[in-house]
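Notes for the structure review
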Amino acid sequence: MRKIVAGLFISLDGVTESPDQWHFPYFNDEMGQAVDANIQRSDALLLGRVTYDAFAEYWPGKAGTDEPFADYINSVPKYVVSNTLTSPDWEGTTVISGDVAAKLTELKGQSGKDIAMSGSVATVRWLLQEGLLDELDLLVHPLVVGSGGRLFHDGMKSVPLELLESRTFSTGVVHVTYGPASASAV
């Protein structure tokens, strides 16, 4: 069975919004290897509508350039969760709407590698709440951003998670991977 794995850059105060504004001073070979490892274990990408729109505007024009992520993201099948997008222009895109939980469960049941997520924080939150996210892979930056969209917000129901792996990089970034807590861990 395939897994849905969300990979996010996050600050100590939980900010995930606009990492391009704060995360690059912490990017090094260790982080690059961690990000690449997640890419290598996936053969599909799941996106929310906002992230899809931003990626679809930027990445198709980067195909064939020296940006290593461009070839992957342009060639991999992309699934976008949206009730409003009807005719995606980006090649290899399938819209998932209606009973999203059932369709994602079906997608996870197909053969293949993991289904990666990048960004799409509202979708990540929803997947956590619905028990559909298999791994939450966080690169926690030693920085308080102070403002911006956060992964978790007040009013969310409790979601027990279990630490699957952790590693500290030389920059102070902590790479942690969580999965749903087993019944014995709760």
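The structure we're discussing is the one just above.
Because the structure is a prediction, the values reported are computed rather than measured.

**Re the overall build of the protein**
- Scanning the protein from terminus to terminus reveals five helices and eight strands.
- Secondary structure of the protein in N-to-C order comes out as β-α-β-α-α-β-β-α-β-α-β-β-β.
- For 186 residues, the compact-globule estimate of 2.2 N^0.38 gives 16 Å, and the protein sits close to it at 16 Å.
- Viewed in the frame of its principal axes, the protein has a C-alpha envelope of about 45 × 40 × 30 Å.
- Among the 186 residues that make up the protein, the fraction classed as buried is 40%.
- Pairs at least 24 apart in sequence give 70% of the contacts found in the protein among residues at least 6 apart.
- Approximately 9800 Å² of the protein is accessible, and the part contributed by carbon and sulfur atoms is 52%.
- Charge centroids of the protein, computed over 13 positive and 24 negative side chains, lie 4 Å from each other.

**Description of the nonpolar core**
- Leu46, Val124, Leu133 and Leu136 are the most contacted members of the largest nonpolar core, which totals 25 residues.
- Once residues within four sequence positions are removed from consideration, Val124 is found in contact with Ala6, Leu8, Met117, Gly119, Leu133, Leu136 and Leu151.
- Counting residues in each nonpolar core, the second largest holds 14 residues, with Leu47, Tyr52, Ala70 and Val76 among its members.

**Some details on the environment of Gly131**
- Looking at where Gly131 falls in the secondary structure, it is placed in the loop between helix 5 (121-130) and strand 6 (135-141).
- Given the relative accessible area of 56%, Gly131 is considered exposed.
- Along the chain, Gly131 and Pro180 lie 49 residues apart, while their C-alpha atoms are 7.6 Å from each other.

**A short note on the pattern of salt bridges**
- Scanning the model with the defined rule gives eight salt bridges in all.
- Of the charged contacts in the structure, one is a salt bridge between Lys3 and Glu135, with a shortest N-O distance of 2.7 Å. A residue pair is termed long-range when its members are at least 10 positions apart, and Lys3 in the segment before strand 1 (4-11) and Glu135 in strand 6 qualify at 132 residues.
- Overall, the relative accessible area of 32% leaves Lys3 in the partly exposed class.
- Overall, the relative accessible area of 8% leaves Glu135 in the buried class.

Rules used throughout
- Per-chain numbering applies: the sequence of each chain, read as written, is numbered from 1 onward.
- A pLDDT threshold of at least 70 governs which residues receive local features in this predicted model, and a stricter bar of 80 or more applies before side-chain atom pairs are shown or counted, although totals over entire chains, interfaces and linings include all residues.
- Side-chain calculation: all heavy atoms of the structure are included, whereas hydrogens and water are not.
- Put simply, DSSP H or I for four residues or longer makes a helix, DSSP E for two residues or longer makes a strand, and each gets a number counted from the N terminus.
- Only C-alpha atoms enter the radius of gyration; for comparison, a globular chain is expected to reach 2.2 Å times N to the power 0.38, where N is the number of residues.
- The buried label goes to any residue with under 20% of its type's maximum accessible area, the exposed label to any with over 50%, and the partly exposed label to all in between, with areas taken from a 1.4 Å probe on protein chains only.
- Contact definition: two residues touch when any of their heavy atoms are within 4.5 Å.
- Surface accessibility follows the Shrake-Rupley procedure with a 1.4 Å probe radius. Residue values consider only the protein chains on display as shielding.
- Charge convention: Lys and Arg are scored as positive, Asp and Glu as negative, and His as well as the terminal groups of each chain are ignored.
- For charged residues, the charge sits on one atom: NZ in Lys, CZ in Arg, CG in Asp, CD in Glu.
- We define a nonpolar core as any set of buried Ala, Val, Leu, Ile, Met, Phe, Trp, Tyr and Cys residues linked to one another through side-chain atoms lying within 4.5 Å.
- Any Lys or Arg side-chain nitrogen found within 4 Å of a carboxyl oxygen on Asp or Glu counts as a salt bridge.

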